[in-house]
Amino acid sequence: MDSTGRARGRSRGRGRGEEGLDTLTRRPDLAQQHGIAPYTTQPPHASGRSRGGMHQEPEGRGPALSSSHSGSGSVSRTTSGPSTRDTPQELSYTGPAPGRASSALRGGPAGPPAVSSTRAPPSAMAGGDTAASMGRGASRGREQRDVQIYTRPSAEFIKLGKTGSPIPVTSNYFELIKRPDMHLLQYRVDFNPDVDHIGVRKALIRVHENVLGKYLFDGTLLYNVTRLPQPLELFSKRVSDGSDVRVNFRLVGEIHKEDANYTTVMNIILRRCLGMLNLTMWKRDYYDPAALTEIPQHFLNVWPGYLTTIRHHEDGFLLGVEIIHKVLRRDTALDVMDRMRQSGGDIQALCKAELLGKVVMTHYNKKTYRIDDIDFTKNPKSTFHLRKEDRDISYLEYYSTRYNLTVRNASQPMLVSLPSRRDKNRGDDQPVYLIPELCGMTGLSDDQKKNFNLMKDVGNITRVMPDRRVEALMKFRRRLAENPKIQEELNSWGLDFARNIVSCNARVIPAQTIQQGGNSFPTQEGDWSRNIQRSRMCVSVELHDWVVFSPTAMMQEIRPFVNMMKQVGAQQGFNIPEPNVIPMQMDRTSNYVEAIRSECSRREYSLIFCVLRAARNDTYASIKKMTISEFGIPSQVITGRNLKGQQGKLMSIATKVMIQVASKLGAEPWRVAVPQTKWMVIGYDTYHDARQRKAVGAFVASINPTFSRYYSSVKIHENNEEISPSFKDHLFGALKSYYIMNEKTLPEKIIVYRDGVGAGDIARLKDTEVAALREACSDAGARTHYLGTGVYNPSIAFIVVSKRINTRFFAMGARGAGNPPCGTVVDNTVTLNERFDFFLVSQKVTQGTVSPTSYNIIEDDTGIAPDIHQRLAYALTHLYYNWPGTLRIPAPIQYAHKLAYLVGESMMTQPHEGLNRLPYYL
């Protein structure tokens with residue numbers, strides 16, 4: 001079957017791919033020396049020497065103000081999730097996950113100097129600012145994360161549903177039973193000369209405790225209860241070079257207990273306490289290297305850690321704690337180059353193919369960078385202009401004097417990381433040059449991801465069962481309670497947490513009934529794979545002429561498999577005729593391309609079926625590009641390993657392939673009961689290509705009352721945008737198809753499910769995509785002279801769907817904590833007071849803790865009750881025809897996800913217009 005479509009290499013990813021580094025050890029906290037910067041001349045932006053580890057700063061870099069994931073270090077941060085079925089494993093070619101590294105992964109302040117190709121001086125000592133640096137943009141960026149977007153219609157609006165059976169659950173939050181009750185003053189702190197390293201800043205501030213009184217300092221902003229004279233200028237001295245540093249304190253605000261910014265203060269206090277647990281801070285999260293688990297057979301280490309945030313929820317403040325993991329690799333970019341060199345061939349081309357788009361982490365300062373190019377004309381002996389010292393210096397000398405590092409290979413080429421839009425906006429427009437030897441690879445390689453044993457061994461550690469997760473949460477709470485220094489710190493600020501995790505009132509939505517041709521049955525824990533084999537499809541289609549392209553050596557396997565497809569198809573009402581089989585002596589990509597072009601030029605086919613000896617990215621991409629873009633014919637690709645095995649297994653595979661083929665041609669294998677009204681549901685998702693710096697926006701919209709047939713369209717965004725500038729065009733095309741398919745009527749309500757948008761983008765989302773929807777409706781009404789008036793103004797609900805969240809729920813039973821059942825809805829306690837939102841558990845998992853999905857209804861004038869929103873979202877998780885079970889997300893989003901991945905990963909061209917009403921992307 002076709003690609004699994006895992007279009008999430010980022011994180012949204014924001015670079016949350018599996019990342020790695022060499023072995024690490026903790027470095028002594030040199031900043032404890034009052035007023036002494038632990039570096040000689042210009043301090044680096046982050047700690048790290050050749051044998052150093054991550055420098056621990058108890059006060060941290062700033063509070064974690066939300067549950068969103070930031071790109072993390074050179075490791076994979078895994079939230080201990082289970083092996084779920086949100087992106088079902090298909091049986092065809094399985095391509096690698098795309099390199100979707102976010103621009104945020106540039107890691108803020110670059111460690112090495114930024115050097116332009118024209119030898120222009122670096123834009124900063126080491127290539128840029130950070131939230132912890134002096135620039136005003138740093139503070140502005142941090143404050144923006146604290147902005148609350150209100151999506152609840154009104155304070156009096158009741159978002160609680162009523163349908164379903166009540167079930168008590170607990171969640172991974174601790175209630176704040178006491179919080180600081182004091183008036184705080186907020187000061188902006190500036191250093192002259194500029195000090196880039198946050199640890200050095202804190203050390204330079206610490207010598208003035210007698211003047212400042214009790215304070216909190218996050219690297220840029222200082223909070224205390226003492227009103228300082230204004231203006232206030234203090235001096236600190238670096239003993240290393242005897243230089244004076246002028247520190248200016250400027251009062252910028254006053255914070256009261258009722259202010260939203262008070263959350264920031266509580267998070268800073270919490271992070272200071274976490275620093276007292278002998279944990280290592282990586283980006284914004286804390287990890288416990290003492291509790292690491294080694295996987296020596298795969299050269300990996302797994303670090304457990306905690307993701308924490310204090311935030312105001314429905315009825316008060318809660319401390320959220322998520323158990324997370326980082327998977328660390330031990331190889332460097334130079335190791336990868338050496339492996340490419342040993343394989344032979346064009347070394348430069350091989351290295352670029354393997355490394356471009358990947359994210360690396362520099363060992364000396366724990367910053368991450370995306371590789372955009374490899375400069376084979378430069379090496380560590382090359383020089384650049386060091387602006388602060390106004391002289392040319394080689395990279396060898398720079399790293400030797402700045403980081404006490406000796407580069408062993410002086411002839412290796414240099415990696416190039418180009419500035420992102422965010423970098424350019426803050427004035428950092430120069431590329432950063434990196435030495436491969438000093439860059440740890442991040443993200444599991446494609447070969448590692450395909451290594452079943454490796455992924456299984458990693459999963460055995462990162463997939464934490466509910467009872468063990470609750471135990472880890474309680475252990476974390478005990479560690480806080482049993483540490484005298486932490487208790488002293490918390491008490492001094494008047495902060496305290498409950499001893500147990502919070503309880504929530506949840507409901508279980510009744511099981512959906514699957515409808516097939518003349519038969520119906522309830523789902524069994526979100527799965528009906530056994531039932532569909534005995535029932536006819538709701539709507540079948542006719543398959544006329546189809547052609548199979550197969551290597552001659554696999555003819556003995558393909559013919560019995562085709563017969564099985566015909567057999568299971570007949571049982572479900574899908575009649576499959578004998579195909580035209582084209583044997584090929586060779587199975588190169590060019591052989592498939594030539595054979596398909598030759599055969600399709602002389603005869604019309606309804607389906608093209610290709611058998612590959614083994615999974616190959618280039619062959620798969622060429623087949624899809626030709627069949628979908630050039631000829632406009634649905635195609636199916638299957639690999640040879642799926643044609644071998646025991647009879648029972650082959651029958652199961654043949655059934656799934658048959659259903660997939662039928663669906664691509666327009667069949668409807670099953671339906672569920674949904675409101676029989678003139679509604680349209682829409683799914684939208686974006687694929688980001690880190691290598692080409694483009695984005696693919698995929699849009700699917702239902703065009704029948706049962707939400708089982710979809711119109712689709714694709715737009716390629718040259719600027720790698722997440723927010724779509726093409727929503728108007730997408731919807732206009734969908735309304736046109738709906739108008740044709742539904743007797744010249746248009747939908748009364750439009751419900752959009754949108755994936756991949758963070759809280760910070762919601763305002764822009766409403767200004768662009770929601771506004772574009774309304775414009776498209778207005779245009780559609782005018783062009784069709786709708787209902788004789790030309791006015792078409794349907795009600796619209798726009799819902800942001802998020803899978804990557806940190807909330808977990810536990811059903812507490814006699815045997816301890818377990819996973820809540822399918823259909824569990826939580827719309828209280830841990831939801832956010834300012835949102836119209838709910839959590840939905842739509843899957844059953846057998847390994848690890850189930851991950852709920854968050855639904856945030858950011859715009860809604862439909863008048864649909866919260867109950868209907870919740871039940872509709874759950875029903876739509878049953879309608880993805882590539883999997884006889886429920887998904888974590890509604891089917892329209894999964895269809896959009898598959899389409900975006902197919903076009904972005906394999907085609908990067910527009911599909912044939914004649915396919916826009918068929919799910920050819922399955």
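What counts as what
Residues numbered from 1 in each chain as written. Predicted model: local features only at pLDDT ≥ 70, side-chain atom pairs only at ≥ 80, totals over all residues. Heavy atoms only, no water. Helix = DSSP H or I, 4+ residues; strand = E, 2+ residues; numbered from the N terminus. Buried < 20%, exposed > 50% of the residue type's maximum accessible area, 1.4 Å probe, protein only. Areas by Shrake-Rupley, 256 points an atom, 1.4 Å probe, with all protein chains shown as cover. Pairing = 2+ DSSP bridges. Axes fitted to C-alpha atoms, helices over the stretch in contact; angles between N-to-C directions. pLDDT = per-residue confidence, 0-100. Contact = heavy atoms within 4.5 Å. Disulfide = S-S within 2.5 Å. Core = buried A, V, L, I, M, F, W, Y, C linked by side-chain atoms within 4.5 Å. Phe/Tyr/Trp six-rings, centres within 6.5 Å; stacked < 30°, edge-to-face > 60°. Lys NZ or Arg CZ within 6 Å of the ring centre and 35° of its normal. Salt bridge = Lys/Arg side-chain N within 4 Å of Asp/Glu carboxyl O. Expected span 1.5 Å × (residues − 1). Polar contact = N/O pair within 3.5 Å; in protein donor to acceptor, adjacent residues only side chain to side chain. Parallel < 35°, antiparallel > 145°, perpendicular 65-115°, else oblique. Left-handed = near helix turned anticlockwise from the far one by under 90°. Nonpolar A, V, L, I, M, F, W, Y, C, P; charged D, E, K, R; others polar.

### Considering the overall build of the protein
Per the secondary structure count, the protein includes 20 helices and 38 strands. Taking all 922 residues of the protein together, the buried fraction comes to 62%. Carbon and sulfur atoms form 48% of the exposed surface of the protein, whose accessible area is close to 34,700 Å².

### Quick word on unusual backbone geometry
The omega torsion across N192 and P193 is 0°, close enough to zero to call that bond cis. Going from Q230 to P231, the amide bond is cis rather than trans, its omega being -5°. With a phi angle near 45°, H785 is a residue other than glycine that sits in the positive phi range. Tracing the chain through its elements places H785 in the loop between α18 (762-784) and β33 (795-802).

### Side note on the sheet that holds strand β14 (residues 367-370)
Reading across from one edge, β14-β13-β20 is the order of the 3 strands in this open sheet, with antiparallel pairing throughout. For this open sheet the edge positions go to β14 and β20 (439-441), each flanked by a neighbour on one side alone. Each strand axis lies, on average, 35° off the axis of its neighbour in the sheet, ignoring direction.

### Focus: the confidence of the model for the protein
For the protein, the mean per-residue pLDDT works out to 81, and 82% of the residues sit at or above 70. Every residue in residues 1-76 is under pLDDT 50, and counting partners more than four places away or in other chains gives 338 contacts. Across residues 79-146, confidence stays below pLDDT 50; counting only partners more than four residues off in sequence or on other chains, it has 281 contacts.

### Quick look at the state of the cysteines
As enumerated under the stated definition, the model contains 0 disulfides in all. Between C600, a free cysteine, and C610, which holds the nearest cysteine sulfur, the sulfur-to-sulfur gap is 8.8 Å.

### What about the nonpolar core?
Counting residues in each nonpolar core, the largest one holds 107 residues, and the members touching the most others are F574, F609 and Y753. Counting residues per element, this core draws most heavily on helix α20 (residues 891-907), at 10 residues. Apart from the residues within four sequence positions on either side, F574 is in contact with M537, S540, V541, L543, G569, M658, V661, A662 and L665.

### A few points about the packing of aromatic side chains
Overall, the coordinates contain 23 aromatic pairs when judged by the stated rule. Measuring from ring centre to ring centre gives 5.6 Å for F384 and Y398, while their planes differ by 70°; the resulting arrangement is edge-to-face. Of this pair, F384 sits in strand β16 (residues 383-386) while Y398 sits in helix α7 (residues 395-403); the two residues are 14 residues apart in sequence, bridging distant segments of the chain. Note on Y895 and Y921: the rings are 6.2 Å apart at their centroids and 70° apart in plane angle, and the pair reads as edge-to-face. With Y895 in helix α20 and Y921 in the segment after α20, the pair connects residues that are 26 residues apart, well separated along the chain. The residues Y895 and Y921 share a single accessibility class, namely buried. It is K378 that lies over the ring of Y433; its NZ or CZ is 5.5 Å from the centre.

### Comments concerning the pairing of β14
On β14, burial covers both faces: K367 and Y369 on one face and T368 and R370 on the other are all buried. As defined by bridge partners, strand β13 (residues 359-362) adjoins β14 across 4 bridges and the pair is classed as antiparallel. Paired with T362 across the bridge in β14 is K367. Taking the residues that link successive antiparallel strands as the turn, the β13-β14 hairpin has 4 residues, and the phi of K366 there is positive, at about 55°.

### A look at the pattern of salt bridges
Within the structure shown, the criterion is met by 38 salt bridges. Between D837 and K159 there is a salt bridge whose closest N-O contact spans 2.6 Å. With D837 in strand β37 (residues 837-841) and K159 in the loop between α1 (136-145) and β2 (165-178), the pair connects residues that are 678 residues apart, well separated along the chain. We classify D837 as buried; its relative accessible area is 3%. Here K159 falls in the buried class, since its relative accessible area comes to 2%. As a salt-bridge pair, E437 and R408 come within 3.9 Å of each other at their nearest N and O atoms.

### Let's talk about helix α17 (residues 727-741)
Over its 15 residues, α17 extends 21 Å from the first C-alpha to the last, a length consistent with the 21 Å expected when each residue adds 1.5 Å. For α17, the full list of buried residues reads F727, H730, L731, G733, A734, L735, S737, Y738 and Y739. Positive phi appears at E743, one or two residues downstream of α17, with a value of about 55°.

### A word on the sheet that holds strand β28 (residues 671-672)
Where strands meet in a sheet, backbone hydrogen bonds hold them as pairs that are either parallel or antiparallel. Pairing within the open sheet is antiparallel, and its 3 strands lie in the order β23-β22-β28. Two strands bound the open sheet, and with one partner strand each, they are β23 (519-522) and β28. Across 2 bridges, strand β22 (residues 513-516) lies against β28 in antiparallel orientation. Paired with I514 across the bridge in β28 is V672.

### What to know about the environment of L872
By the element assignment, L872 lies in helix α19 (residues 866-876). The exposure class assigned to L872 is buried, which follows from its relative accessible area of 3%. Expressed as a C-alpha distance, the spacing of L872 and A673, which sit 199 residues apart in the sequence, is 9.5 Å. If near-sequence neighbours (up to four positions away) are discounted, L872 is found in contact with P675, W679, F707, I751 and Y753.

### Describing the environment of W546
Along the chain, the position of W546 falls in strand β24 (residues 546-551). With a relative accessible area of 2%, W546 lands in the buried category. Sequence spacing of W546 and P577 is 31 residues, and the spatial spacing of their C-alpha atoms is 8.2 Å. Not counting the four nearest positions on each side in its chain, W546 is found in contact with V562, I576, P577, E578, P579, N580, Y605, L607 and F609. From its side chain, W546 meets the backbone oxygen of P577 in a polar contact 2.8 Å long.

### Things to note about the packing of α17 against α18
Orientation of α17 relative to α18, taken along the N-to-C sense of each, is 40°, at an axis distance of 8 Å. Judged by the inter-axis angle, α17 sits oblique to α18. Crossing of α17 against α18: the hand is right-handed. When α17 is examined against α18, the residues F727, K728, L731, F732, L735 and Y739 are found in contact with a partner set consisting of E769, A772, L773, E775, A776, C777, D779, A780, R783 and T784. When grouped by side-chain class, the residues that make up the contact of α17 with α18 number 10 nonpolar, 1 polar and 5 charged.

### Things to note about the packing of helix α14 (residues 589-602) against helix α15 (residues 617-631)
Two numbers describe how α14 lies on α15: the axes approach to 9 Å, and their chain directions differ by 20°. Viewed along their axes, α14 and α15 adopt a mutual orientation that is roughly parallel. α15 is crossed by α14, and the crossing has right-handed handedness. Facing α14, whose interface residues are T589, Y592, V593, I596, R597, C600 and S601, α15 presents D618, T619, S622, I623, M626, T627, E630 and F631. Among the residues making up the contact of α14 with α15, the classes are represented as 7 nonpolar, 5 polar and 3 charged.

### Concerning helix α16 (residues 647-664)
Taking 1.5 Å per residue as the helical rise, α16 with its 18 residues ought to reach 26 Å, and the 26 Å between its terminal C-alpha atoms agrees with that figure. L650, I653, A654, T655, V657, M658, I659, Q660, V661, A662, S663 and K664 are the residues of α16 that are buried. In the stretch just after α16, G666 is the one whose phi turns positive, near 110°.

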